[in-house]
Amino acid sequence: MALDPQALARVAHLARLHLDPTDSAALTDRLNSILDMVNQLQDANVGDVAPMAHPMDVAQTLRADVVTEGDIRAIVQPLAPATEDGCYLVPRVIE
Amino acid sequence: MSWETVIGLEIHVQLSTQSKIFSGSSTAFGAEPNSQASLVDLAMPGTLPVTNLEAIRKAVKFGLAIDAQIAKRSVFERKNYFYPDLPKGYQTTQLAEPIVGAGAVEIQLEDGTRKTVRIHHAHLEEDAGKSLHEAFFDENGHGMTGIDLNRAGTPLIEIVTEPDMRSAEEAVAFARKLHSLVTSIGICDGHMAQGSMRFDVNVSVRKKGDDTLGTRTETKNLNSFKFMEAAIKLEVERQIDLIEDGGKVVQETRLYNGDTHTARSMRSKEDANDYRYFPCPDLLPVIITDEDIEALRAELPELPDARQARFIDQYGLSDYDAGILAGDRAVADYFEAVVTASGDAKLSANWVTGDVAARLNAADIGIDQCPVSAVHLGQMIQRILDGTISSKIAKQVFDACWNGEGSPDQVIEARGLKQMSDSGELEKIIDQVIHDNTAQAEAFRAADEGKQKKMFGFFVGQVMKLTQGKANPQQVNALLQERLK
């Protein structure tokens, strides 16, 4: 699998990263060399290995269904750039 | 040209847990904005999710109720996209290894035919926050969106059906059945207006007889059966018109507005399918044992279909009445309590599906808030059965009980509604009616049998008037027949 500049631009857009177009060619090369390295994994024979969901071979510990968290709005909301009526404000996201 | 509609559904069902799926915040509806958003829900750096056991249990119960395979190992993944109602930048959900595998739900259509809708799978995930688009502006007057993260992290199961439904009516029948199922097994409160169940409908059309599916559109977030039916019909019509005019259906997400009965394209989703899912490194696989599954199976109450069958069998109810009563667990419980108190299943069914349902509907409340308790309704039915009151007077008694005037016996006593069963007293009244209406009585005696039948009602009416409806109708008929000979 190799990245071309269009694919790079698309991934950058999905990740909401701004890329300078002049860096595109160099970045594509560097990312491709990383992908080449990862690609070596394809040589491993994993035919009878179950897909791994987590590097630790243990199961999820579950918690009881109890409310343990209270209202921290007054503490955390001052961190936000804009709030009103208890809501966090962001630029309008629909037309 | 004859067209066939093909419908598949995705249903978000909020699980009725006390706390969120990955944090200890409350899930109660209607709290002050952001007062139930913890550091985990806000995606503060360094916080880690801890999975709620009850969410897992409720998801497994759903799987058992639809006869699905339960995954003994299921894995949470990250579905990556940016939207302000999801502060982490991803939704924690399941993709490759969902907790509930393929199952099936049987639906019954209005004409009584039954049909099976296959469930592809159901997975656990977290709900997003709420975006409020109308009320907020910055200092330059530019529109802002308000974000309330109280809902973020509420546990959901997303149920995905196969495209097995062929009309809006079938889709609604399925939706109602699912509502009945999840509320009956106690995994969801079923409050549609509060968003506890939200439906996305995938609709396509094809020429009758075609094997391949047409291009589908998805109409999102319908939260009432009425809107769902209307939205599907509107979309089917749009697609057929489009194709017949030489156009093509484009795969897109659409938004339906129930107030204006219109729909519009929400967004073209060229990037939408690139969510770059990967297993969430913060969460370990959830392991469920056979013992866990059997313990949960034992906790399941009688399911609506089984209860309907039992009501027909045990109480001799019609398929229709049994279906209505068994479809809602609270209604079914109430009905059975009325039967216990009254001893008569058919009269109990008539009252619960008739007057009780109508009054609840008019007051827009659920049966759990019914002012007339099952025990009182049962007592009232007993009074009909033992002849204390007539069915007609019973409606008065019911209204009085509804308005808080006490138990049926208290109401009957206080309002003097006891049926006249003293035949001596009744005979006096009947004699008086005949005496006061000599001309009519003479005419009656002279008339032939056919005419008599019509005239008889007049005398019954007069007796009822004088007794204020408290006379026993059978007794009045018998005595009148005798006296008018």
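Residues numbered from 1 in each chain as written. Chains lettered and ligands numbered in written order. Predicted model: local features only at pLDDT ≥ 70, side-chain atom pairs only at ≥ 80, totals over all residues. Heavy atoms only, no water.

**A short note on the overall build of chain B**
Looking only at helices and strands, chain B features 15 helices and 15 strands. Radius of gyration (C-alpha) of chain B: 30 Å, far over the 23 Å computed for a compact globule of 485 residues. Each principal axis of the C-alpha distribution contributes one length, and for chain B these read about 95 × 55 × 55 Å. Counting only residues that meet the buried cut, chain B has 49% of its 485 residues in that class. Taking the intrachain contacts of chain B between residues at least 6 apart in sequence as the baseline, contacts between residues at least 24 apart amount to 68%. A total accessible area of about 22800 Å² is found for chain B, and carbon and sulfur atoms account for 50% of it. (Helix = DSSP H or I, 4+ residues; strand = E, 2+ residues; numbered from the N terminus. Rg over C-alpha atoms; globule rule 2.2 N^0.38 Å. Buried < 20%, exposed > 50% of the residue type's maximum accessible area, 1.4 Å probe, protein only. Contact = heavy atoms within 4.5 Å. Areas by Shrake-Rupley, 256 points an atom, 1.4 Å probe, with all protein chains shown as cover.)

**Looking at the overall build of chain A**
In terms of regular secondary structure, chain A is built from three helices and two strands. Computed over the C-alpha atoms, the radius of gyration of chain A is 22 Å, more than 25% above the 12 Å expected from 2.2 N^0.38 for a compact globule of 95 residues. For chain A, the spread of C-alpha atoms along the principal axes amounts to about 55 × 45 × 25 Å. For chain A, the accessible area works out to roughly 7300 Å², and carbon and sulfur atoms hold 60% of it.

**Remarks on the sheet that holds strand β14 (residues 278-279) of chain B**
Residue and element names in this part refer to chain B. Read across the open sheet, the three strands follow the order β4-β3-β14; overall the sheet is antiparallel. Every other strand in the sheet has two partners, leaving β4 (90-93) and β14 as the edge strands with one partner each. Inspection of the sheet shows strand β3 (residues 77-80) paired to β4 by four bridges, in the antiparallel sense. From the neighbouring strand, Glu77 faces β4, where its bridge partner is Thr93. (Pairing = 2+ DSSP bridges.)

**Examining the nonpolar core**
Residue and element names in this part refer to chain B. Ranked by internal contacts, the top residues of the largest apolar core, which has 65 residues, are Phe62, Leu124 and Phe174. Here the element with the most residues in this core is helix α2 (residues 168-184); it accounts for nine residues. Ignoring anything within four residues of it in the chain, the contact list for Leu124 reads Leu15, Ile21, Ala55, Ile56, Ala59, Phe76, Thr93, Gln94, Ile99, Leu156 and Ile157. Formed by 37 residues, the second largest nonpolar core is a distinct cluster that contains Ile367, Ala374, Leu377 and Met380. (Core = buried A, V, L, I, M, F, W, Y, C linked by side-chain atoms within 4.5 Å.)

**What about the domain arrangement of chain B?**
Reports often express the size of an interface as the amount of accessible area lost when the parts come together. Each assigned domain of chain B is listed here: domain 1 (3-294), domain 2 (302-414) and domain 3 (423-483). Distance between the C-alpha centres of domain 1 of chain B and domain 3 of chain B: 65 Å. (Domains from an automatic or database assignment.)

**Re the pairing of strand β1 (residues 3-14) of chain B**
All names here are of chain B. When you tally the buried positions in β1, you get twelve out of twelve residues, the bulk of the element. Side chains of β1 alternate between two faces, with Trp3, Thr5, Ile7, Leu9, Ile11 and Val13 and Glu4, Val6, Gly8, Glu10, His12 and Gln14 buried alike. By the bridge criterion, eleven bridges tie β1 to strand β10 (residues 197-207) in an arrangement that is antiparallel. When the sheet's bridge partners are listed, Thr5 is paired in β10 with Val205.

**Some details on a nonpolar patch on the surface**
Taken together, the side chains of A:Leu31, A:Ile34, A:Met37, A:Val38 and A:Leu41 define a hydrophobic patch exposed on the protein surface, amounting to about 480 Å² of accessible area. Within the secondary structure, A:Val38 sits in helix α2 (residues 24-39). (Patch = residues over 30% accessible without salt bridge, like charges linked within 9 Å, V, L, I, M, F, W, Y side chains within 5 Å. Salt bridge = Lys/Arg side-chain N within 4 Å of Asp/Glu carboxyl O.)

**So, the side chain of B:Lys20**
Residue and element names in this part refer to chain B. Within the fold, Lys20 resides in the loop between β1 and α1 (53-65). Among the polar contacts made by the side chain of Lys20, one reaches the side chain of Asp41 at a distance of 3.4 Å. Of the polar contacts made by the side chain of Lys20, one reaches the backbone oxygen of Ala152; its length is 2.9 Å. (Polar contact = N/O pair within 3.5 Å; in protein donor to acceptor, adjacent residues only side chain to side chain.)

**Regarding the packing of α2(B) against helix α3 (residues 225-244) of chain B**
Residue and element names in this part refer to chain B. Two numbers describe how α2 lies on α3: the axes approach to 9 Å, and their chain directions differ by 155°. Of the possible angle classes, the one that applies to α2 and α3 is roughly antiparallel. Considering only the axes of α2 and α3, their crossing is right-handed. The segment α2 lies against α3, with Ala168, Glu169, Ala171, Val172, Ala175, Arg176 and His179 engaging Phe225, Met228, Glu229, Ile232 and Lys233. A per-class count over the contact of α2 with α3 returns seven nonpolar, one polar and four charged. (Axes fitted to C-alpha atoms, helices over the stretch in contact; angles between N-to-C directions. Parallel < 35°, antiparallel > 145°, perpendicular 65-115°, else oblique. Left-handed = near helix turned anticlockwise from the far one by under 90°. Nonpolar A, V, L, I, M, F, W, Y, C, P; charged D, E, K, R; others polar.)

**Overview of the interface of chain B and chain A**
With 56 residues of chain B in contact, the opposing surface of chain A contributes 40 residues. With both sides pooled, the region where chain B packs onto chain A buries about 4000 Å², and carbon together with sulfur makes up 58% of that total. The interface formed by chain B and chain A contains two salt bridges. Scanning the region where chain B abuts chain A turns up 21 residue pairs in polar contact (both at pLDDT 80 or more). (Buried area = accessible area lost by both parts, 1.4 Å probe.)

**Here we look at the sheet that holds strand β2 (residues 87-91) of chain A**
The four strands are arranged β1(A)-β2(A)-β8(B)-β7(B) in an open sheet whose pairing can be described as antiparallel. Among the strands making up the open sheet, the edge pair consists of β1 (83-84) of chain A together with β7 (130-137) of chain B.

**Some points on a negative patch on the surface**
All names here are of chain B. The grouping of Glu237, Asp241, Glu244 and Asp245 at the surface amounts to a negative patch. Assignment of secondary structure puts Asp245 in the loop between α3 and β12 (253-257). For Asp245, a relative accessible area of 69% corresponds to the exposed category. (Lys, Arg positive; Asp, Glu negative; His and termini not counted. Charge placed at Lys NZ, Arg CZ, Asp CG, Glu CD.)

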